[in-house]
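# Examination of the molecular architecture
These are the residues of each chain, in order.
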Amino acid sequence: MPANRFYTSFDFETLASRSAYAGEYRSPFQIDRDRIIHSSAFRRLQNKTQVFLSGEYDFYRTRLTHSIEVAQIGRSICGWLTQQSQSLDDDCFIDSDLVESACLSHDLGHPPFGHAGERTLHHLMAPYGGFEGNAQTLRILTQTLFSEGRSGMDPTRALLDGVLKYKTLQAETPQAKHHYLYNEQERWLDFTLGCQAFPLELTPGPVRNSFRSIECQIMDWADDTAYSLNDIADGIHAGFINVQRLERWAEEQGDLSEADLADVAFLCKAVRENRVEGRLNRLIGECIRATKLVPAANFLSQSTRRHQHALEINPVQRRRADLHKKIALELVFLSPQLQQLDHKADFILTRVFGVLQERYIDTVQPRGLHLMPASIEKEIQAAADASARARLVCDWIANMTDHFAFRTYRRLFDADFGSITDFV
């Protein structure tokens, strides 16, 4: 296949050398994408919460459908930028397979029950290094994707950089509730950076976390586009958002700009005319066309073109996305119905973790109840300390789908549930 001058061997490099196959027809980024798609971690996203618990209705988005939508938007942004930018052409362009890989994998680390599950696991894992969805995605890609051998997919440096929205270690911001990497992931961070140290001005926390490759910036805007529009659509279909509530919400804000009020009126018109999907899908195209490349310079610019560009977003579209996220948060996510489900999710995960903590983390019991798969129990027995044991327990819980978490809870605590015919 023709060479793409945008990338060099620095971008294709992996921490461990990949086996070379005679007649390989795929690029390293296509191999990354294919390994993600054919993984059980990717399939499990079909039964993990996006907005509503998966399986409640057949048309609401799950983490899987959301990831597919993000990937489509990401690829389209690549095509748009190639067409519009004078610095890109047919043999020097942002690789859409690489961006697609980052988009498809960006939510792999999310636990059951959405952000409620993430908050609960962070609280439960606080003594052992915390839990963070983006850090867990990195752990899956590099260490656990192929669970049979407890190994990762050996991703390219460019994919790691495309996925890593946050580059601060937990120990550097120990009070942070999210947006960090696990301390034991420092070697992967070092590899992603080509073993170059962060300059002093990139201080740990928000400043350092804003340092991203162009592919990561595209993935992040594609993600923002998808959930700022599609969470609204699902909220409307589910009845959480209607004309009356939208108009009342706008009145209560008191500080919405004329542009914000026009966007609220646009949503109300779409609801009245029963054309929500079509009208919001049209906005996806506007968000794609709202992007452009601008030159950037930083400590990695000499190593890779991926850090010679930044993604600039039209302020009109950025403001609209922020408005939609605010509407979804206040009318959907903070509604009593979803808050009740969040409370239930916290209760379920806390009780399941508590049982496993007593059995596997606090003390090492060579014999006892077999509450986890034998392969994981064997790893726990060989783990160096309580933190390593807790991370293995957390891996198992985080990998659960919503329904598997429900069934596990019921098997452990519901006296009327459990028989030899239960689906395991």
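What counts, and at which threshold
Residues numbered from 1 in each chain as written. Predicted model: local features only at pLDDT ≥ 70, side-chain atom pairs only at ≥ 80, totals over all residues. Heavy atoms only, no water. Helix = DSSP H or I, 4+ residues; strand = E, 2+ residues; numbered from the N terminus. Rg over C-alpha atoms; globule rule 2.2 N^0.38 Å. Buried < 20%, exposed > 50% of the residue type's maximum accessible area, 1.4 Å probe, protein only. Contact = heavy atoms within 4.5 Å. Areas by Shrake-Rupley, 256 points an atom, 1.4 Å probe, with all protein chains shown as cover. Lys, Arg positive; Asp, Glu negative; His and termini not counted. Charge placed at Lys NZ, Arg CZ, Asp CG, Glu CD. Axes fitted to C-alpha atoms, helices over the stretch in contact; angles between N-to-C directions. Parallel < 35°, antiparallel > 145°, perpendicular 65-115°, else oblique. Left-handed = near helix turned anticlockwise from the far one by under 90°. Nonpolar A, V, L, I, M, F, W, Y, C, P; charged D, E, K, R; others polar. Polar contact = N/O pair within 3.5 Å; in protein donor to acceptor, adjacent residues only side chain to side chain. Salt bridge = Lys/Arg side-chain N within 4 Å of Asp/Glu carboxyl O. Expected span 1.5 Å × (residues − 1). Arc of directions from axis to C-beta.

### Digging into the overall build of the chain
Helices and strands together make up the secondary structure of the chain, namely 19 helices and two strands. The C-alpha radius of gyration of the chain comes to 22 Å, within 12% of the 22 Å expected for a compact globule of 424 residues. Across its three principal directions, the C-alpha atoms of the chain cover 65 × 55 × 45 Å. Of all 424 residues assigned to the chain, the portion counted as buried reaches 53%. Partitioning the contacts of the chain with sequence separation of at least 6, the portion at a separation of at least 24 is 71%. Accessible area of the chain: about 19600 Å², with a carbon and sulfur share of 53%. Treating the 47 positive side-chain charges of the chain as one cloud and the 56 negative ones as another, the clouds have centres 2 Å apart.

### With respect to the packing of helix H16 (residues 336-361) against helix H19 (residues 402-413)
Two numbers describe how H16 lies on H19: the axes approach to 10 Å, and their chain directions differ by 55 degrees. Relative to H19, the element H16 lies oblique. Note on packing geometry: the crossing formed by H16 with H19 is left-handed. Two secondary-structure elements touch here, H16 through Lys344, Phe347, Ile348, Arg351, Val352 and Val355 and H19 through Ala405, Phe406, Thr408, Tyr409, Leu412 and Phe413. Grouping the amino acids of the contact of H16 with H19 by side-chain chemistry returns nine nonpolar, one polar and two charged.

### As for the packing of helix H7 (residues 133-144) against helix H18 (residues 386-399)
At a minimum axis distance of 12 Å, the contact between H7 and H18 shows a crossing angle of 105 degrees. Judged on the interaxial angle alone, H18 and H7 are roughly perpendicular. For the pair H7 and H18, contact is made by Gln136, Arg139, Ile140 and Thr144 and by Arg391, Leu392, Asp395, Ala398 and Asn399, respectively. Its residues placed into classes, the contact of H7 with H18 shows three nonpolar, three polar and three charged.

### Quick word on the side chain of Thr401
Relative to the helices and strands, Thr401 resides in the loop between H18 and H19. In this structure Thr401 comes out as buried when scored by relative accessible area, which is 14%. Among the polar contacts made by the side chain of Thr401, one reaches the main-chain amide nitrogen of Phe404 at a distance of 3.2 Å. Sequence-distant contacts of Thr401, defined by excluding residues within four places in its chain, comprise Arg44, Asn47, Lys48 and Pro112.

### Digging into the pattern of salt bridges
Tallying each qualifying case throughout the model produces 34 salt bridges. Here Arg26 ties to Glu24 by a salt bridge, and the two come within 3.0 Å at their closest N and O atoms. Looking at Arg26, the relative accessible area reads 26%, which means it is partly exposed. Lys326 is the salt-bridge partner of Glu330, the closest N and O atoms lying 2.8 Å from each other. Within this pair, Glu330 and its partner Lys326 are both found in helix H15 (residues 315-333), separated by four residues, close to a single helical turn. Judged by its relative accessible area of 33%, Lys326 falls in the partly exposed class. The network of salt bridges with shared partners includes Glu24, Arg26, Arg33, Asp34, Arg75, Asp97 and Glu100.

### Describing H19
Within an α-helix, residues lying three or four positions from one another point in the same direction, as the helix has 3.6 residues per turn. Given a rise of 1.5 Å per residue, 12 residues ought to cover 16 Å, and the 17 Å separating the end C-alpha atoms of H19 matches this to within 8%. Listing the buried residues of H19 in full gives Asp402, Phe404, Ala405, Thr408 and Tyr409. Buried residues of H19, seen end-on, are gathered within an arc of 165 degrees and therefore sit on one face of the element. Those residues of H19 that are buried are in contact with H16 and H18.

Scope: geometric values only; no functional claims are made or implied.
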